[in-house]
Amino acid sequence: MSEATARRGKRKGLGLGVVAWLLGLVFFLPIAWMALTSFHSETDAATNPPSFGAALTLDGYREFFGTGGGASPWPALVNSTVASLASTLLVLLLALPAAYALSVNRVRKWTDVLFFFLSTKMLPVVAGLLPIYLFAKNTGLLDNIWLLVLLYTSMNLPIAVWMMQSFLAEVPVAIIEAARVDGARLPTILARVVAPIALPGIAATSLICFIFSWNELLFARVLTGVVAETAPVFLTGFITSQGLFLAKVCAASLVISLPVLAAGFAAQDKLVQGLSLGAVK
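All values derive from a computational prediction rather than experimental measurement. Per chain, residue numbering runs from 1 following the sequence as it is written. Local features in this predicted model are restricted to residues of pLDDT 70 or higher, and side-chain atom pairs are both shown and tallied only at a pLDDT of 80 or more, whereas totals for entire chains, interfaces and linings draw on every residue. Processing note: side-chain calculations cover all non-hydrogen atoms of the structure and skip hydrogens and water entirely.

Quick notes on helix α13 (residues 246-266)
Logical step 1: A run of DSSP states H or I qualifies as a helix once it reaches four residues; a run of E qualifies as a strand once it reaches two. Both are numbered from the N-terminal end. Residue count minus one, scaled by 1.5 Å, sets the expected span of a helix. Helix length check: α13 (21 residues) gives 30 Å between terminal C-alpha atoms against 30 Å at 1.5 Å per residue, within 8%.
Logical step 2: The sharpest bend along α13 comes to roughly 35°, located at L258, with the proline P259 sitting one to four residues further on.
Logical step 3: All buried positions along α13 are accounted for by A247, K248, V249, C250, A251, A252, S253, L254, V255, I256, V260 and G264. By definition, a residue's bend is the angle between the axes fitted to the seven residues ending there and the seven starting there. The rule is simple: take the accessible area with a 1.4 Å probe, protein chains only, and divide by the maximum for that residue type; under 20% is buried, over 50% is exposed, in between is partly exposed.

What follows is the structure in structure tokens.
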């Protein structure tokens, strides 16, 4: 390769790097602005144009955590945690053997099965809201956190099976056959052979399912009241038609976003490996 070609390649790489950083800043600026606004008073947060040099205060966080006499957010945060973690665990327990049957030990017409799983995500969520509400009302499951766990599991299971099928397709068949020769049964193969190899894909799938469950609002808004209220539903209570609430909403949004951001940061290496698994042959 000539020196001129090397210089052009270096300039191209530098240009792509600059573009990537600029795009990163574009996506990061709204989050940074939300964080800054959360430390302003309501008067300063509502100024137009925004006041960058306004005094910082923790009043928004005090109001969110109920120190000023408002409702405590901890029950809603606990409900979101229980619903998200429990549904994600159930999705993984169900999706792993299903993906194994569709990738390693393939069933007949497995492509049609995958298309059926994907087609279930094409139905608008609001179309199933009324039947589910009537079912919950007649069975006494309204305002019950375990109803949300069941709903989130059923909502995330199709996409989890679809993702994990592509991940498990990269598991070497020879290793599985060797385990079978040694007398290992299916649960042992899944737990000790398939799961460790496909761990990055499992981590990526679980993180996506957790995020979807944590952010879900429509079903939680309609099917819960006080006992099973989740964090996104609690957040909507800060928006009123009267008074200033921007700083308080920003503080609440930042706190509610922290579990997802922390989970993504903790699993970022597995997430990158999982989402790129199978992309390069």
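Overview of the nonpolar core
Logical step 1: Put simply, a nonpolar core is a bunch of buried Ala, Val, Leu, Ile, Met, Phe, Trp, Tyr and Cys residues held in one set by side-chain atoms that sit within 4.5 Å of each other. In this structure, L96, Y100, M164, L168, I176, I189 and V194 are the most contacted members of the largest nonpolar core, which totals 27 residues.
Logical step 2: Among the secondary structure elements, those contributing two or more residues to this core are α4 (74-103), α5 (110-119), α7 (145-168), α8 (173-181), α9 (186-197) and α10 (199-215).
Logical step 3: If you look at the next biggest cluster of nonpolar residues, it comprises 19 residues, including L235, F238, C250 and A252.

Some words on the environment of Q165
Logical step 1: Relative to the helices and strands, Q165 is located in helix α7.
Logical step 2: In this structure, the C-alpha to C-alpha distance between Q165 and P97, residues 68 residues apart in sequence, is 9.7 Å.
Logical step 3: The contacts of Q165, once residues within four sequence positions are left out, are A99, L102, S103, R106, W110 and L114. Contact definition: two residues touch when any of their heavy atoms are within 4.5 Å.

Digging into the environment of S84
Logical step 1: Looking at where S84 falls in the secondary structure, it is placed in helix α4.
Logical step 2: As for S84 and L148, which are separated by 64 residues in sequence, their C-alpha atoms are 8.9 Å apart.
Logical step 3: Not counting chain neighbours up to four residues away, the residues in contact with S84 comprise F210, S213 and W214.
Logical step 4: For S84, the side chain forms a polar contact with the main-chain oxygen of S80, separated by 2.8 Å. Residues adjacent in sequence count toward polar contacts only when both atoms are side-chain atoms; beyond that, a polar contact is any pair of N or O atoms within 3.5 Å, and within protein one must be able to donate a hydrogen and the other to accept it.

Note that all results are geometric; they support no functional claim without further evidence.
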